[in-house]
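Chain by chain, the residues:
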Amino acid sequence: MTVERPTGTPVTSAGDQTRIHNIGYRTYDGPRLGRAYARRSLYSQSLRGAYGLGRSGRSKVLPMLLFAVMCLVAAILVAVTVTTKAKGLPVHYTRYAIIMQGLISLYVASQAPQSVSRDLRFKTVPLYFSRPIETADYVRAKYASLASAIFILTAAPLLVLYVGALLAKLDFADQTKGFAEGLVSVALLSLLFAGIGLVIAAVTPRRGFGIAAVIAVLVISYGAVSTLEAIADTQSSTGAIPWIGLFSPVTLIDGVQTAFLGATSSAPGAAGPGSGQGVVYVLVVLGLIAGAYGLLLRRYKKVGL
Amino acid sequence: MYDPTVARLTYRALLGRRRALILGALPLLLIVISVVVRALTGADDQTAADVLGGFALATMVPIIGVIAGTGAIGPEIDDGSVVYLLSKPLKRPTIIVTKLIVAIAVTMVFSAVPTLVAGLILNGNGQQIAVAYTVAALVASIAYSALFLLLGTVSRHAVVFGLVYALVWEALFGSLVPGARTLSVQQWALAVAHRVAGGDLVTSDVGLTTGAVLLVLVTVLATWYAGQKLRSLTLAGEE
């Protein structure tokens, strides 16, 4: 609360004498929390929103369900490892996200539009920018929140796997290395998927259409790439497979982790890229992330007016 | 049971601006892939069946079905402009049937025609593969449109549920649990395609009679229930 000014008896100062009427309006003179605070609030609100927290019960169903399934499958894998006393986990840390890519795509497709489309549809974006935050703050907060949400979705099952592996008394150093590699890979995946999802979702104010467009890009590109890879494999032109893999987000991440994070490729014949091609993969991933950020900035420069 | 004005409005909503862009991009991609594959491998019946079955029928047709089926009614219910349509002296089932016909037509044009073209590019309709998959795409278009139109009237999150059905149920469960394949539009359509092709390249897990009966049953029931839902539609605010 601010210091109470006596109403009715206006304080006379130099400025007040130039006024015709003083009807006792007071300006806000409390603390101003500023840009960083607004950005942080927007980030945490969007992150909570991505799991339906602070929204209606219905909108909690899908994200929570997907999160539960992601962790449940990991828990089942751990249970199998413990009961069969296996020497290692049945699924490698870096492989988990590739296997569950359908669920991750669905999560991105359902949450990216809810994060940005409604602001566009109800034309609330200019209201954000009437506050201290600027275009870059909005874009950064939204991007970071969706990337964090996907990271939580993909890293939590890895944590389940890691804890389970330690409980099953698997080799500590080996598991920790695998876990760390898995975390780096899902961090890259989160940034890439969040970027692609947000760019597409930010173009359309219609939520349903945004969902369909995001899923079409993620799933169709993977479907097309894996079809082509399978055909290249049967034609025994294995050299072409790594180059084909550059054209879908999932195979991009798969290629990066095959080249640098000790994963085995999920491409047919395990024909992943070597170190040389791996550099191209990393460059493409980083280029896509930077490009997505740039496109979002450009988009919000326009709609923010 | 068919109203030209409603049909015209639905066409414009479906093919307006960006929606037409994404609807057109998918078939284009299929044809580009077919050209690439043909250039890489030459005419090969097995490859043609793989591309048409794995990409066209399993991925492209359901996604176009979701976009056209839910897009025919979903956005209108979502932004509330459906009240202007419902307040006209038209029977609600008439509105549904009209929208269904439009959705079917759009799905067919954007999925079955490219499938035929892709099949002709891939192996010049050798062993009737192109025609068989085109028939499957045509049949699947009808069932998918009816199913997703129903979803559009039932839920505000129709697109998500439609995609969950198309991707999780048909692709994931279908490949893991054999029983799930009996309840899949894709397999029913393949049963019809199997009859057309005759060979072993196009196979299905369900018999022709089962497939055909289930296809008709799902289409009719979904359309009827969508009409009932529209009769008792309540309009609610966002979320």
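Reference entry: report on the structure contained in this document. Note that this is a predicted model, so its numbers are computed, not measured.

### Overview of the overall build of chain A
A tally of helices and strands in chain A yields 11 helices and 0 strands. The order of helices and strands in chain A, counted from the N terminus, is α-α-α-α-α-α-α-α-α-α-α. Taking 19 Å as the expected radius of gyration for a compact globule of 305 residues, we find that chain A reaches 25 Å, considerably beyond that expectation. Dimensions of chain A, computed from the C-alpha atoms along their principal axes, are close to 90 × 40 × 35 Å. The long-range fraction of contacts in chain A, counting pairs at least 24 apart against all pairs at least 6 apart in sequence, stands at 74%.

### Things to note about the environment of Asn125 of chain B
Residues and elements named next belong to chain B. Turning to its location among the elements, Asn125 is positioned in the loop between α6 (92–123) and α7 (129–154). Residue class for Asn125 comes out partly exposed when judged on the 15 C-beta atoms lying within 10 Å of it. In sequence terms Asn125 and Ala48 are 77 residues apart; their C-alpha atoms lie 9.2 Å from each other. Beyond its immediate sequence surroundings of up to four residues, Asn125 is in contact with Gly119, Leu120, Ala130 and Val131.

### Remarks on unusual backbone geometry
Residues and elements named next belong to chain A. Of note in this structure, Lys123 is not a glycine but carries a positive phi near 55 degrees. Mapped onto the elements, Lys123 comes out in the loop between α4 (101–121) and α5 (125–129). Even without a glycine there, the phi angle at Lys169 is positive, about 60 degrees. Its location among the elements puts Lys169 in the loop between α6 (135–167) and α7 (172–203). In this structure Lys169 comes out as exposed when scored by C-beta crowding, with 9 C-beta atoms within 10 Å.

How each quantity is defined
Residues numbered from 1 in each chain as written. Chains lettered and ligands numbered in written order. Predicted model: local features only at pLDDT ≥ 70, side-chain atom pairs only at ≥ 80, totals over all residues. Helix = DSSP H or I, 4+ residues; strand = E, 2+ residues; numbered from the N terminus. Rg over C-alpha atoms; globule rule 2.2 N^0.38 Å. Contact = placed C-beta atoms within 7 Å. Buried ≥ 20, exposed ≤ 12 C-beta atoms within 10 Å, placed from the backbone.

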